[in-house]
Amino acid sequence: MSMLIPARKKLTVKSIQKLKGQEKLVMVTAYDALFASLFEDDADLILVGDSLNMSFLGNGDTLSATMDQMIYHTKAVCSGAQSPIIVFDMPFGSYNTKEEALKNAIRVYKETGADAIKIEGGAERAEIVEHLVKNGIAVISHIGLMPQFVRADGGYKVRGKSSEDEAELLKDAKILEQAGAFVILLEGIKSEVATKITNELKVPTIGIGAGAGCDGQVLVWSDMFGFFESFKPKFVKKYLNGAKLIREAFSEYKKDVKEGKFPTDEYSY
Ligand code: KIV
């Protein structure tokens, strides 16, 4: 697959919305051109998640990610994949006011090929979402367990366990839909609550740790391919034992080098 010629037709915000009720949406994170190109044929949306601050940069949470870092990685992802919708995850502190949010979102559109941005927060962010949408920015709202609130909340907590919380999540989702979000991302929410939200909305939901009733699913690539060995959230299905495979392959290379078995004539000029 070429990095320059799109393998299939470019997806749009409208075509993604039309898939609600027709076909499940496939979303995955990517942080560079290489992995983006591997996902290009099968992903409907690629999220340049601020999770890169943890999985790529080795930090304990997402909070120290910056606009500059996110833009750097988004440019790389956009050069690796053209057909999926590329989503820029607005980092913590970059959208506290509607003016700041718009200034930063315009920077994203001007400096990268991203199609949309994602922001965390419920009804309290509705005014910001509306302002962005009115000014030509496509927005995904992220509710439920919100990693950017981890320090304020004192940890990662599954949402929707009480009827009050269920009502709050449903209200958040409806208000954000009304504000113009084209997708609502549901993270760490009890399955039955996420299904109820999905059934009540006209826009698609994409879940992570929110059960099978959502309109689509997203996973962090380094989780789903088993590159993290120390911690695996319950909602992550490991599709590859990546860390083990890389370690084994690398120690084979090390053995060959130490024993003078690499390079042979086949790999020499
Ligand atoms: O940053 C990220 O990868 C995310 C996903 C967990 C949805 O926001």
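Everything discussed here concerns the structure shown above.
In what follows, the accompanying structure is described. (Residues numbered from 1 in each chain as written. Predicted model: local features only at pLDDT ≥ 70, side-chain atom pairs only at ≥ 80, totals over all residues. Heavy atoms only, no water.)

### Quick word on the overall build of the protein
In terms of regular secondary structure, the protein is built from 11 helices and 8 strands. Compactness check: the protein gives a C-alpha radius of gyration of 20 Å against a globular reference of 18 Å for 269 residues, within 12% of the reference. Counting only C-alpha atoms and orienting by the principal axes, one finds that the protein spans roughly 65 × 40 × 35 Å. Taken over 269 residues, the protein has a buried fraction of 48%. Considering only intrachain contacts with a sequence separation of at least 6, the fraction spanning at least 24 residues in the protein is 60%. Within the structure as shown, the protein displays about 13900 Å² of accessible surface, and the carbon and sulfur contribution to it stands at 56%. (Helix = DSSP H or I, 4+ residues; strand = E, 2+ residues; numbered from the N terminus. Rg over C-alpha atoms; globule rule 2.2 N^0.38 Å. Buried < 20%, exposed > 50% of the residue type's maximum accessible area, 1.4 Å probe, protein only. Contact = heavy atoms within 4.5 Å. Areas by Shrake-Rupley, 256 points an atom, 1.4 Å probe, with all protein chains shown as cover.)

### Points about the layout of surface pockets
Over the atoms, a rolling probe the size of a water molecule traces out where space has been left empty. Estimates place the volume of the largest pocket at around 890 Å³. Lining the largest pocket are 36 residues, and of these E187, I208, D223, P233 and F235 lie nearest its centre. Counting residues per element, the ones that place at least two in the lining of the largest pocket are α3 (52–55), β4 (116–120), β6 (183–187) and α10 (221–224). Along the lines of polarity and charge, the residues of the lining of the largest pocket split into 16 nonpolar, 12 polar and 8 charged. If you trace the second largest pocket, you find 17 residues lining it, with Q217, V218, L219, M224 and Y239 closest to the centre. Taken together, the elements giving at least two residues each to the lining of the second largest pocket come down to β1 (25–29), β7 (205–208) and β8 (216–219). Among the elements that make up the lining of the second largest pocket, the one with the highest residue count is β1 (4 residues). Here the lining of the second largest pocket is composed, by residue class, of 12 nonpolar, 4 polar and 1 charged. (1 Å grid on protein atoms, 1.4 Å probe; cavity = no way out; pocket = protein on both sides within 12 Å on 5 of 7 lines; lining within 4 Å. Points joined across faces, edges and corners; volume = space filled by probe spheres on them. Nonpolar A, V, L, I, M, F, W, Y, C, P; charged D, E, K, R; others polar.)

### Observations regarding helix α4 (residues 67–80)
Look at α4: 20 Å from first C-alpha to last across 14 residues, which is about the 20 Å you get at 1.5 Å a residue. Every buried residue of α4 is listed here: M67, M70, I71, H73, T74, V77, C78 and G80. Looking at the buried positions of α4, the neighbouring elements they touch are α2 (33–39), β2 (45–48), α3, β3 (85–89) and α5 (98–111). (Expected span 1.5 Å × (residues − 1).)

### Side note on the sheet that holds β2
Taken in spatial order, the 8 strands of this closed barrel run β1-β2-β3-β4-β5-β6-β7-β8, and their pairing is parallel. For this sheet the average axis-to-axis angle between neighbouring strands, irrespective of direction, equals 25°. Here β1 runs beside β8; their pairing, made up of 4 bridges, is parallel. Bridged to M27 within β8 is V218. Sheet strands touched by α4: β2 and β3. Its angle to β3, the strand with the most contacts, is close to 170°. Of the strands in this sheet, β5 (139–144) and β6 touch helix α8 (residues 163–179), which is tilted by about 175° from β5. (Pairing = 2+ DSSP bridges. Axes fitted to C-alpha atoms, helices over the stretch in contact; angles between N-to-C directions.)

### Quick word on a nonpolar patch on the surface
Side chains of F227, Y239, L240, L245 and I246 sit close together on the surface and give an oily, nonpolar patch of about 470 Å² of accessible area. As for its placement among the helices and strands, I246 is situated in helix α11 (residues 242–258). (Patch = residues over 30% accessible without salt bridge, like charges linked within 9 Å, V, L, I, M, F, W, Y side chains within 5 Å. Salt bridge = Lys/Arg side-chain N within 4 Å of Asp/Glu carboxyl O.)

### Here we look at empty space enclosed by the protein
Inspection of the entire model under this criterion finds 1 cavity of 30 Å³ or more. In this structure, the largest cavity encloses a volume near 30 Å³. For the lining of the largest cavity, the class distribution of residues is 4 nonpolar, 2 polar and 3 charged.

### Concerning the packing of aromatic side chains
In the structure shown here, the tally under the stated rule is 8 aromatic pairs. Taking the centre distance of 5.5 Å and the plane angle of 65° together, the rings of W221 and F227 count as edge-to-face. Note on F227: relative accessible area 31%, which makes it partly exposed. Ring centres 6.0 Å apart and planes at 65° place the aromatic pair Y253 and F262 in the edge-to-face group. Accessibility expressed as a relative area gives 41% for Y253, which makes it partly exposed. For F262, a relative accessible area of 36% gives the class partly exposed. Members of the aromatic cluster, joined through ring pairs, are F35, F39, W221, F225 and F227. (Phe/Tyr/Trp six-rings, centres within 6.5 Å; stacked < 30°, edge-to-face > 60°.)

### Points about the nonpolar core
Ranked by size, the top nonpolar core spans 56 residues in total, and within it I46, F88, I117, I119, L132 and L186 carry the most contacts. Dropping the residues within four chain positions of it, I117 is found in contact with V87, F88, M90, V108, L132, I137, A138, V139 and I140. Ranked by size, the runner-up nonpolar core spans 18 residues in total, among them L19, L45, I85 and L185. (Core = buried A, V, L, I, M, F, W, Y, C linked by side-chain atoms within 4.5 Å.)

### Brief notes about the site of the ligand
In the vicinity of the ligand, the contacting residues are T29, L47, G49, D50, S51, D89, K118, H142, L185, E187, I208 and V220. Between S51 and the ligand, the recorded distance is 2.6 Å, taken from a side-chain N or O atom to an oxygen atom. Here an oxygen atom of the ligand and a side-chain polar atom of K118 are 3.0 Å apart. Applying the majority rule of atoms within 2 Å of the grid points places the ligand in the largest pocket. Residues belonging to the shell around the ligand are distributed by class as follows: 4 nonpolar, 4 polar and 4 charged. (Near = heavy atom within 4 Å. Polar contact = N/O pair within 3.5 Å; in protein donor to acceptor, adjacent residues only side chain to side chain. Sits in = over half its atoms within 2 Å of the grid points.)

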